[in-house]
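Each chain, letter by letter, is given below.
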Amino acid sequence: MAGWASISQVKEKIAEKSAEEVTASYLERIKKSKINAYTAVWNGAIEEARKIDERGHNGSLAGIPIAIKDNISTKGIATTCSSKILQGYVPPYDAHIIERLKDAGAVILGKTNMDEFAMGTSTESSFYGPTLNPWDKERVPGGSSGGSAAVVAAGEAPISVGSDTGGSVRCPAAFCGVVGLKPTYGTISRYGLISYANSLEQIGPLATCVSDIAALMDVIGGYDSRDSTSVKTETIYKNALVDDISGLKIGVPAEYFGAGIDPAVENAVWDAIQLFEELGASWEQVSMPHTSYALAAYYIIAMSEASSNLARFDGTRYGYRNEGENWHVMASRTRAEGFGAEVKRRILLGTYALSAGYHDKYYLKALKVRTLVKQDFDLAFKEFDCLMTPTMPTPAFKLGEKVEDPLSLYLADVNTVPINLAGVPSISLPCGFTDGLPIGLQIIGKHFDEATILKAAYSFEQNTEHHTRRPPEVA
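Residues numbered from 1 in each chain as written. Predicted model: local features only at pLDDT ≥ 70, side-chain atom pairs only at ≥ 80, totals over all residues. Heavy atoms only, no water.

Asker: Mind showing me how you'd approach the overall build of the protein here?
Answerer: Summing up its helical and strand segments, the protein has 15 helices and eleven strands in all. Scaling as 2.2 N^0.38, a compact globule of 475 residues should have a C-alpha radius of gyration of about 23 Å, and the protein matches this with 21 Å. On the principal axes, the C-alpha backbone points of the protein span a range of 70 × 60 × 45 Å. Across the 475 residues in the protein, those meeting the buried criterion constitute 60%. At a minimum sequence separation of 6, the contacts of the protein that also span at least 24 residues come to 75%. (Helix = DSSP H or I, 4+ residues; strand = E, 2+ residues; numbered from the N terminus. Rg over C-alpha atoms; globule rule 2.2 N^0.38 Å. Buried < 20%, exposed > 50% of the residue type's maximum accessible area, 1.4 Å probe, protein only. Contact = heavy atoms within 4.5 Å.)

Right, dumping it as structure tokens:
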């Protein structure tokens, strides 16, 4: 059964055979994998699937295998953020979304590879080595949730979960030719998500099709009193899956089609917008003038929050530890050896931005720019139901191409970070190919209006065949 499949297709196989057999087939495929997308495979998956067979297939995801990003707490399964400093850490509790997935009957296959502490755009900074793109193993899968997107594209899990701080679900979704959603900030509880930048990050689902994204959101979305940023919503996401977008008003921000956009990507996105028009929607260009400042503001805010969040990793409580004659020496050695180069870079830059004399000059100014970026979205959504842009400015780049040039990696996030600054929802789905590599269309919605972008994405998917294209090894 293992391979490119939707939830409904996996359910058919479970009914025909058993959850245990389906889980075993995915574990066998993972064992033969050559893309390095898992950091840990759960040895209790078969037993859990067997229990689901014995109990009866109750729950919306009963017996459905799922992969979890390595920065989401899973009781009894190692959770390391793909970092040496958390090597050997096994959480004593489940994240909120893991509780919900288990209640729905999902079977956790394991933890997926990622950029260390979710800091990156290529999954090359992982302590476990880079994940390879299933479409071309010489290219990156995107990041930081590269493993979560790659396992879906490679047929090593039908669905997965990642986290998105500045595009970390949508970027790998675009590069790997799958669907990925960054929900409105507060829609999914962050309880159990190991923090990188609290005010920006949001857990999000990845799948082969839009209907599976809605199915996952119906399970993992919702209020959690343990997360102070969690918001009570009553949305039933599967109700948005209607193939009818007549009257939809689409805004096309000119600033998202600027310098650096690959011509093939731009053409594919305009072709998609043309199809929406043929299906009954209308579009107009709109200006979002503060977009050019969003990237700089994002990285100052994200790095500042990272320097605070990662202060807890000092070798005292959990994970990797190097000894020293006193705490200061021990902590210094532990961090020097435990953190990778990109994490150290962001901690240093964040600490600098927060330091006396520079707080107002950098961090406070970045917060003001964030407000202006959000206002751009607020104004645009007074006129339009959703916005459409390329997800990434280029298709997946080659391994090692940008790793020695951090600035070029940061610039790759130009179309995704404004969404996190504003806290609005955004979905990426395949809209074409160039040289055999997928291209992602980004659809951005109003706060807590995931229904509109899911409906638009579903209609597009129903009228194209992009989402049925598969990497060579799972074709």
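The rest of the description comes next.
Asker: So what exactly am I meant to see when it comes to helix 2 (residues 19–31) here?
Answerer: Each full turn of the α-helix corresponds to 3.6 residues, which orients residues three or four apart in the same direction. Taking 1.5 Å of rise per residue, the 13 residues of helix 2 would be expected to cover 18 Å, and the 18 Å separating its terminal C-alpha atoms lies within 8% of that figure. Looking at helix 2, one finds that the buried residues are A19, V22, T23, S25, Y26, L27 and I30. Buried residues belonging to helix 2 abut helix 1 (7–16), strand 1 (38–41), helix 3 (45–55), strand 2 (65–69) and strand 3 (107–112). (Expected span 1.5 Å × (residues − 1).)

Asker: Would you explain the environment of V403 in this entry?
Answerer: If you trace the backbone, V403 turns up in the loop between strand 9 (386–390) and helix 13 (406–411). On the accessibility criterion, V403 (37% relative accessible area) is partly exposed. Sequence separation between V403 and V152 is 251 residues; the distance between their C-alpha atoms is 24 Å. Aside from chain neighbours lying at most four places away, what touches V403 is E124 and L409.

Asker: Before we go on, may I ask you to explain the packing of aromatic side chains in this structure?
Answerer: Each aromatic ring pair is described using two quantities: the centre-to-centre distance and the angle formed by the ring planes. In the structure shown here, the tally under the stated rule is 17 aromatic pairs. With centroids separated by 5.8 Å and ring planes inclined at 90 degrees, the aromatic side chains of F175 and F397 adopt a geometry described as edge-to-face. Here the residue F175 occupies a position in helix 6 (residues 170–176), and F397 occupies one in the loop between strand 9 and helix 13, the gap between them amounting to 222 residues. On the basis of relative accessible area, F175 is assigned to the buried category, the value being 1%. Their ring planes at 15 degrees and their centres at 5.4 Å tell us that F276 and F460 sit as a pair that is stacked. In this pair, F276 sits in helix 8 (residues 263–278) while F460 sits in helix 15 (residues 450–462), placing the two residues 184 residues apart along the sequence. (Phe/Tyr/Trp six-rings, centres within 6.5 Å; stacked < 30°, edge-to-face > 60°.)

Asker: Help me out: how do you make sense of the pattern of salt bridges in this one?
Answerer: Pairs can form between side chains of opposite charge whenever their charged atoms are close. In the structure shown here, the tally under the stated rule is 16 salt bridges. In this structure, the salt-bridge partner of K102 is D94, at a minimum N-O distance of 2.8 Å. Take K102: its relative accessible area is 39%, and that puts it in the partly exposed class. In this structure, R226 and E99 form a salt bridge, with 2.7 Å as the shortest nitrogen-oxygen distance. Linking R226 in the loop between helix 7 (210–220) and strand 7 (249–253) with E99 in helix 4 (residues 96–103), this pair joins segments that are 127 residues apart in sequence. (Salt bridge = Lys/Arg side-chain N within 4 Å of Asp/Glu carboxyl O.)

Asker: Explain unusual backbone geometry here, please?
Answerer: Negative phi is the rule for most residues except glycine; trans is the rule for most peptide bonds. A cis amide bond, omega 5 degrees, links G143 with the succeeding residue S144. One non-glycine residue, C81, adopts positive backbone phi at about 55 degrees. Secondary-structure assignment places C81 in the loop between strand 2 and helix 4. Looking at C81, the relative accessible area reads 0%, which means it is buried. One non-glycine residue, F117, adopts positive backbone phi at about 55 degrees. Turning to its location among the elements, F117 is positioned in the loop between strand 3 and helix 5 (146–153).

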